[in-house]
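What the coordinates show
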Amino acid sequence: MNTEIKWILASALIAQALNGMCASTRMPASDVLLRIDTEEPVTIQNAHIEGDLDFTQLKKKTPGGSYGARVGMVKEFYTKLRAPLTLENCVIEGDIITFREERRRLLLKEFFVAFDAPLILKGCRIEGEVAFERLAFYDAVVLEDCVFENEVRFEEVHFSQAPNIQGSEFPEGLTHRKTNWNPEDGALEGADRPNEEPRA
């Protein structure tokens, strides 16, 4: 085998290896939640994440308050992101969810999330809706160079520091209500905190 042929074969093998390294893997959103449940830092790169990334489905839930409602009873439950979550160059095919209600006859369960550690999305594409609602971010929020194909909503959210949305695109709009962050100038403002579980 002459040198030229060897060089062509070697180049092909290198290209194949590089393509394999860059190829996206597919994983269900439930696998991401299982990694978060370990309470260790999670970094995922170049993945297609299938389904909704529903943080209220994290396993460790702390009961909150309960109170009588107009019809029946309301019970609150809290989950926490306790270690950094970093998603880089990923596609999230579903929604991002941080608040959920579940009704069973006269009982209404409300599930809340608190972020005690950084949430970092870089170079991601999110195909579903994004609803950050009725929660508190106690650490950094980075949504950098991302494309959000549906509406992004911040509602009743408290930030400890202004989120970084540099380079991100919001073709369907970014809305905020009852938050202490003004995305127009990037500044934090005084605002009432949402109802939440006291920090230990």
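Refer to the preceding data block for the structure.
These figures come from a predicted structure and were not determined experimentally.

Taking every second residue as pointing to the same face, both faces of strand β15 (residues 141-144) are buried, with V141 and L143 on one and V142 and E144 on the other. Two elements, strand β12 (residues 119-122) and β15, share four bridges in a ladder whose sense is parallel. Looking at β15, one finds that L121 is bridged to L143.

Turning next to the nonpolar core. F55, L87, L121 and F132 are the most contacted members of the largest nonpolar core, which totals 38 residues. Ignoring anything within four residues of it in the chain, the contact list for F55 reads L33, I36, T79, L81, L85, I96, I97, T98, V113, F115 and L119.

This part covers the packing of aromatic side chains. For the structure shown, the criterion picks out twelve aromatic pairs. Measuring from centroid to centroid gives 5.4 Å for F77 and F111, while their planes differ by 20 degrees, and the two rings are stacked. With F77 in strand β6 (residues 73-81) and F111 in strand β11 (residues 107-115), this residue pair connects regions lying 34 residues apart in the sequence. With 5.2 Å between their ring centres and 50 degrees between their planes, F99 and F112 make a pair best called tilted. With F99 in the loop between β9 (96-97) and β10 (100-104) and F112 in strand β11, this pair connects stretches of sequence that are 13 residues apart. Of the aromatic side chains, those joined through ring pairs into one cluster are F55, F115, F132, F137, F154, F159 and W181. Residue placement shows R100 over the ring face of F111; its charged tip is 4.2 Å from the ring centre.

Position of N182 relative to the elements: it lies in strand β19 (residues 181-182). On the basis of relative accessible area, N182 is assigned to the buried category, the value being 14%. Apart from the residues lying within four places of it in its own chain, the contact partners of N182 are H176, A187 and E189.

A word on the state of the cysteines. Applying the stated criterion across every chain yields a total of zero disulfides. With no disulfide partner, C90 has as its closest neighbouring cysteine sulfur the one in C124, 4.8 Å distant. The closest cysteine sulfur to the non-disulfide-bonded C124 is located on C146, 4.7 Å from its own sulfur. Looking at C124, the relative accessible area reads 2%, which means it is buried.

Analysis parameters
Residues numbered from 1 in each chain as written. Predicted model: local features only at pLDDT ≥ 70, side-chain atom pairs only at ≥ 80, totals over all residues. Heavy atoms only, no water. Buried < 20%, exposed > 50% of the residue type's maximum accessible area, 1.4 Å probe, protein only. Helix = DSSP H or I, 4+ residues; strand = E, 2+ residues; numbered from the N terminus. Pairing = 2+ DSSP bridges. Core = buried A, V, L, I, M, F, W, Y, C linked by side-chain atoms within 4.5 Å. Contact = heavy atoms within 4.5 Å. Phe/Tyr/Trp six-rings, centres within 6.5 Å; stacked < 30°, edge-to-face > 60°. Lys NZ or Arg CZ within 6 Å of the ring centre and 35° of its normal. Disulfide = S-S within 2.5 Å.

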